[in-house]
Amino acid sequence: MSQTPAAPHPSQPARRVSRRIGAIAESATLAVDAKAKALKAAGRPVIGFGAGEPDFPTPQYIVDAAVAACSVPANHRYTPAAGLPDLREAIAAKTLRDSGYEVQPSQVLVTNGGKQAVYQAFATIVDPGDEVLLPAPYWTTYPEAIRLAGGVPVEVFADDAQGYLVTVEQLEAARTERTKALLFCSPSNPTGAVYSPEQTAEIGRWALEHGIWVVTDEIYEHLVYDDAVSTPIVRAVPELADTTIVLNGVAKTYAMTGWRVGWMISPADVTKAATNLQSHLTSNVANVSQRAAVAALTGDLSAVDEMRTAFDRRRRTMVEMLSAIDGVVCPTPRGAFYAYPSVRGVLGRTIRGTTPTTSAELASLILDEVEVAVVPGEAFGPSGYLRLSYALGDADLAEGVGRIQSLLAEAR
């Protein structure tokens, strides 16, 4: 005989937001960026180092392709959930051109930006209780996506003394019988660290030996400096192809963050399962954006070459200025467009009557006192660090870091 569910006890009101969604932390980087923009809109001279977003416009030939696409009625309709065939073919061709190995268009799933690719990758291969090794510092979305999939993120921390690069020994120490996957990101957000070809191959062989999936985020592949080389892990260890999901997108390479086009490349069974998920989640990515992405991927890389030259110049300026601050240690980033200085030597010292003991408190003090927005290390792992993006104009960069220099010079 069925029973009517008991009504909530008067002292225990019904939960309005589910535990699963209620446990998600707001994106710290977007929150900092939004606060900086709000203050700027209110007339405050705020300089924001929070957003990971190129300050360049999308190249005109890509915009022109989108404008033309708007007039084609086929782009006004639903299209395949996995992406336009032309774009999937372009992504496969781009992978061969840039990464040096062959994939089939059928292995490609076009997603609404890189974040959807991250979420769907973990949702597709992770079961409740599975552990995912997460090198830290990490991008803020990774642990949230792992948890949403029912997985358990296991942080493996590499500090500034080791260049923010985890070792196989650290990964092995964290591995258990429940380890299902490893998140690998090189060049790295938030640190700008880049694994060498040898380090990449060593990690890849370790994952292969232990039957561990690799989810590799390669969205900053074209943004490397000095003698750094971005090494696709599947090219380093081809045998990993059957247990690797590659995440990528047009956002960083072509200054297309707002167009929302990312993708995942995976074994056929995983791509099919993730496509089924996306068919219920969002269906296809906006067709005009997909047409713009086709133009981007089939064009040359001259636009990214110009951006990389500017980022390199700004990188050098930022590292030099941050390193001049007493108590700040700033490893030179070799990829992406972020600096990740350690500020542990500043914490515990008094600045204008306040004694910050965490990087979150220091970031708040910097915003309040000199109107510069930075993201604290707590967003990416342990406290004691700040992330600053150098994807902003040269003058604003120099002014913003200069304000931080002046403020921290008062530390006693």
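Above this text is the structure in question.
Residues numbered from 1 in each chain as written. Predicted model: local features only at pLDDT ≥ 70, side-chain atom pairs only at ≥ 80, totals over all residues. Heavy atoms only, no water.

## Some points on the state of the cysteines
Evaluated as defined, the whole model comprises zero disulfides. Here Cys 330 stays unpaired: no disulfide links it, and the sulfur of Cys 185, its closest cysteine neighbor, is 18 Å away. Note on Cys 330: relative accessible area 9%, which makes it buried. (Disulfide = S-S within 2.5 Å. Buried < 20%, exposed > 50% of the residue type's maximum accessible area, 1.4 Å probe, protein only.)

## Notes on the side chain of Thr 257
Mapped onto the elements, Thr 257 comes out in the loop between strand S7 (244–249) and strand S8 (262–265). By relative accessible area, Thr 257 is classed as buried at 16%. Among the polar contacts made by the side chain of Thr 257, one reaches the side chain of Glu 53 at a distance of 2.6 Å. Once residues lying within four places of it in the same chain are set aside, the contact partners of Thr 257 are Gly 52, Glu 53, Pro 54 and Ala 251. (Helix = DSSP H or I, 4+ residues; strand = E, 2+ residues; numbered from the N terminus. Polar contact = N/O pair within 3.5 Å; in protein donor to acceptor, adjacent residues only side chain to side chain. Contact = heavy atoms within 4.5 Å.)

## Notes on the nonpolar core
The biggest cluster of nonpolar side chains holds 57 residues, and the ones touching the most others in it are Leu 87, Ile 91, Leu 171, Trp 206, Val 250 and Leu 297. Top contributing element to this core by residue count: helix H11 (residues 287–298), with five residues. Discounting residues that sit within four places of it in the chain, Leu 297 has contacts with Leu 87, Ala 90, Ile 91, Lys 94, Arg 97, Val 250, Tyr 254 and Trp 263. (Core = buried A, V, L, I, M, F, W, Y, C linked by side-chain atoms within 4.5 Å.)

## Considering the sheet that holds strand S9 (residues 338–339)
Reading across from one edge, S9-S12-S11 is the order of the three strands in this open sheet, with antiparallel pairing throughout. The sheet is open, and its two edges are formed by S9 and strand S11 (375–376), each paired on a single side. With two bridges connecting them, S11 and strand S12 (residues 386–389) associate as antiparallel partners. Considered in S12, the bridge of Pro 376 is made with Leu 386. (Pairing = 2+ DSSP bridges.)

## Side note on unusual backbone geometry
Ser 186 connects to Pro 187 through a cis peptide bond whose omega is -5°. Tracing the chain through its elements places Pro 187 in the loop between strand S5 (179–185) and helix H8 (197–209). A cis amide bond links Asn 189 with the next residue in sequence, Pro 190, at an omega value of 25°. Checked against the element boundaries, Pro 190 lands in the loop between S5 and H8. Here Ser 283, not a glycine, exhibits a phi torsion of approximately 60°, which is positive. Tracing the backbone through its elements, the reader meets Ser 283 in the loop between helix H10 (268–281) and H11. The class of Ser 283 is partly exposed, set by a relative accessible area of 26%. At Arg 352, a residue that is not glycine, the phi angle is positive and equals roughly 50°. Note on placement: Arg 352 falls in the loop between S9 and helix H13 (359–370).

## Thoughts on the packing of aromatic side chains
Inspection of the entire model under this criterion finds 12 aromatic pairs. A centroid spacing of 5.3 Å and a plane angle of 85° characterise the contact between Trp 139 and Tyr 142, whose relative ring orientation is edge-to-face. Geometrically, the ring pair formed by Phe 337 and Tyr 338 is tilted, given 5.0 Å between the ring centres and 55° between the ring planes. Overall, Phe 337 belongs to the buried group, its relative accessible area being 0%. Following the ring pairs from residue to residue traces out a cluster consisting of Phe 56, Tyr 220, Phe 311, Phe 337 and Tyr 338. (Phe/Tyr/Trp six-rings, centres within 6.5 Å; stacked < 30°, edge-to-face > 60°.)

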